[in-house]
Amino acid sequence: MNTAGHSDDTGLDLIPFRGVRYVPEQVGRLAAVTSPPYDVVVRPDGLLHLESADPHNIVRLILPQATTPAARNQQAADTLRGWLAEGVLAPDAEPGLYVYEQRDDDILQRGVIGALRLSEAADGVVLPHEGVMAPVVEDRAALMRATSANLEPLLLTYRSDAEGEPKGATAVVERAARREPLLATTTEDGFHHRLWSVTDPAEIAEIQSDLARHQALIADGHHRWATNLRLRAEHPSPSAWDYGLVLLVDTARYPLRVRAIHRYLHRLPVSEALSALGDDFRVQTLKGTLDQALEALGEAAVQGNAFVLAGDGVFHLVDRPSPELLARTIPADGPEAWRTLDATVLHATLLDHVWRIPDAPDHIAYIHDTAATVEKAERDGGTAVLMHPVREEVVRDLARQGVTMPRKSTSFGPKPATGLVLRDLTS
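Quick notes on the rules
- Residues numbered from 1 in each chain as written.
- Predicted model: local features only at pLDDT ≥ 70, side-chain atom pairs only at ≥ 80, totals over all residues.
- Heavy atoms only, no water.
- pLDDT = per-residue confidence, 0-100.
- Contact = heavy atoms within 4.5 Å.
- Core = buried A, V, L, I, M, F, W, Y, C linked by side-chain atoms within 4.5 Å.
- Buried < 20%, exposed > 50% of the residue type's maximum accessible area, 1.4 Å probe, protein only.
- Helix = DSSP H or I, 4+ residues; strand = E, 2+ residues; numbered from the N terminus.
- Pairing = 2+ DSSP bridges.
- Axes fitted to C-alpha atoms, helices over the stretch in contact; angles between N-to-C directions.
- Salt bridge = Lys/Arg side-chain N within 4 Å of Asp/Glu carboxyl O.
- Polar contact = N/O pair within 3.5 Å; in protein donor to acceptor, adjacent residues only side chain to side chain.
- Phe/Tyr/Trp six-rings, centres within 6.5 Å; stacked < 30°, edge-to-face > 60°.
- Expected span 1.5 Å × (residues − 1).

## Some points on the confidence of the model for the protein
- In this model, the protein carries a mean pLDDT of 92, and residues with pLDDT of at least 70 account for 96%.
- Scored below 50 in pLDDT, residues 1-8 makes 26 contacts in the model with residues more than four places away or belonging to other chains.

## Some points on the nonpolar core
- Counting 77 residues, the largest nonpolar core has Y22, I113 and W355 as the members making the most contacts within it.
- Per-element tally for this core: the top contributor is helix 12 (residues 342-354), with seven residues.
- Once residues lying within four places of it in the same chain are set aside, the contact partners of I113 are F17, L97, Y98, Y100, L195, L245, V246, L247 and V421.
- In this structure, Y158, A176, I204 and W225 belong to the second largest nonpolar core, which totals 28 residues.

## A closer look at the sheet that holds strand 16 (residues 306-310)
- Taken together, the six strands give an open sheet; going across it, the order is 15-17-16-19-14-18, and neighbouring strands pair in antiparallel fashion. What marks the edges here is a single partner per strand, and that holds for strand 15 (282-286) and strand 18 (364-367). Between one strand axis and the next, the sheet turns by 25 degrees as a mean value, whatever way the strands run.
- Pairing between strand 14 (residues 262-265) and strand 18: four bridges, direction antiparallel. Paired with R263 across the strands is Y366, a residue of strand 18.
- On the sheet, helix 8 (residues 270-277) packs against strand 15, strand 16, strand 17 (315-319) and strand 19 (383-386) and is oriented at approximately 25 degrees with respect to strand 17.

## Some thoughts on the pattern of salt bridges
- A complete count under the given rule lists 28 salt bridges for this structure.
- Across the salt bridge formed by R117 and D13, the nearest N and O atoms sit 2.9 Å from each other. Separated by 104 residues along the polypeptide, R117 in strand 5 (residues 108-117) and D13 in the segment before strand 1 (14-15) bring together distant segments of the chain.
- R81 serves as the salt-bridge partner of D424, at 3.2 Å between the closest nitrogen and oxygen. Taken together, the residues span a long stretch of sequence, with D424 in strand 21 (residues 422-424) and R81 in helix 3 (residues 69-86) at a distance of 343 residues.
- Given a relative accessible area of 11%, D424 falls into the buried group.
- Take R81: its relative accessible area is 32%, and that puts it in the partly exposed class.

## Considering the side chain of E152
- Structurally, E152 can be placed in the loop between strand 7 (149-150) and strand 8 (154-158).
- Judged by its relative accessible area of 7%, E152 falls in the buried class.
- Only 2.6 Å separates the side chain of E152 from the side chain of T418, close enough to count as a polar contact.
- Setting aside residues no more than four positions away along its own chain, E152 makes contact with P36, P37, Y38, I62, R140, R224, L245 and T418.

## Topic: the packing of aromatic side chains
- Evaluated as defined, the whole model comprises two aromatic pairs.
- With a centroid separation of 5.3 Å and an interplanar angle of 55 degrees, the aromatic rings of F17 and Y98 are classed as tilted. Linking F17 in the loop between strand 1 and strand 2 (19-22) with Y98 in strand 4 (residues 97-103), this pair joins segments that are 81 residues apart in sequence.
- Exposure remark for F17: the relative accessible area of 1% places this residue in the buried category.
- A centroid spacing of 6.2 Å and a plane angle of 50 degrees characterise the contact between Y22 and W83, whose relative ring orientation is tilted. Here Y22 is found in strand 2, whereas its partner W83 is found in helix 3, with 61 residues between them in sequence.
- By relative accessible area, which is 6% here, W83 ends up buried.

## Focus: helix 9 (residues 290-301)
- Under the 1.5 Å per step criterion, the end-to-end length of helix 9 is 16 Å for 12 residues, consistent within 8% with the ideal 16 Å.
- Inspection of helix 9 places A293, A296, L297, G298, A300 and A301 among the buried residues, and these make up the whole buried set.
- Contacts made by the buried residues of helix 9 are with strand 15, strand 16, strand 17 and strand 19.

## Some words on helix 3
- With 18 residues, helix 3 ought to run about 26 Å at 1.5 Å a step, and its terminal C-alpha atoms sit 26 Å apart, in line with that.
- If you check which residues of helix 3 are buried, you get N73, A76, A77, T79, L80, G82 and W83.
- Summarising the contacts, the buried residues of helix 3 are in contact with strand 2, helix 2 (59-62), strand 3 (89-91), helix 4 (134-147), strand 7 and strand 21.
- G87 lies just past helix 3 and shows a positive phi near 85 degrees.

Below you can see the structure in the form of structure tokens.
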């Protein structure tokens, strides 16, 4: 693989790679072998659904099932090599960058998939906005060591000058989207996916020279980025491990959705959660549907910090925290935009101080699907904490200041489907 970079190390350094893709003749429907990112497949029934969709579903690589972590990772490695040997997966004939499009009735997203030179946050090229958990990084690192592959792209965003005619990478993306795609499929969530390869040296150079002037924000994939950095340190440079698989989206042209990631508190019943609040928050019991509760949450969030608690059959709007409580519990050294985040108040004030719940998997689950969070709380007797989403501009501004938000503070989307293109680090 060509690992030669092109940039002056001041911006994004994206290089082509030989994408590994499913061979259509060897699988059923292409949609049946794809999956959401590994951390979105949160429920066992979702995993089983994907496994049963097709015997070659990518979930068998990103979330292998066996009795021990070592056995799981070895199983994924054996499965990947087996599929390559059998021709279920095959590398493209020549290296390229890939233009990727997904759309539904409400949103159109286009971007470029390539191998991006890894960099530390201090370099100011790729900006994280959330912290990571060491056990999750180690879990992903062990899987990646075993498979020697980037199994799914991270989602990164950058912002071009959107005025006037498309230029640089955006112009190449627009031209590619007028051509016949390498693949097209529609997944069961209603999204239409298309992929094109860009192999012309002039077009690759056009993308590279444009991106070299930009920095990017990690929208989705902080743990995978941290995993890539850890594994880069384990391999002598230069090597394929100096790069990671990413999808870069220009959000000046293709804005993303930003949704909240909700919390489920396994061991805290709603009655106990509410009683612990005392007089430090206003609590209102809401009548109506989940959508109506979320609408009330959105209205309250305009005025300040607000959450909805659920799990006892009704919804409770929790807002107007005591200023004295916030002053006592939130570190004063962070910028105001960080101190006033709902996620900061949730973690520093509610979880750490009021409820005294450690941020550990046996106490807290992070769930993207709002209805699933409520259903789990009502079924298992814990508390669902529903969050209001943060605007992308706030996230990017904090990231540029080097300020990380509490982990799982945002869910940018749509996320790229896993399984459309992989990167083999051994070829």
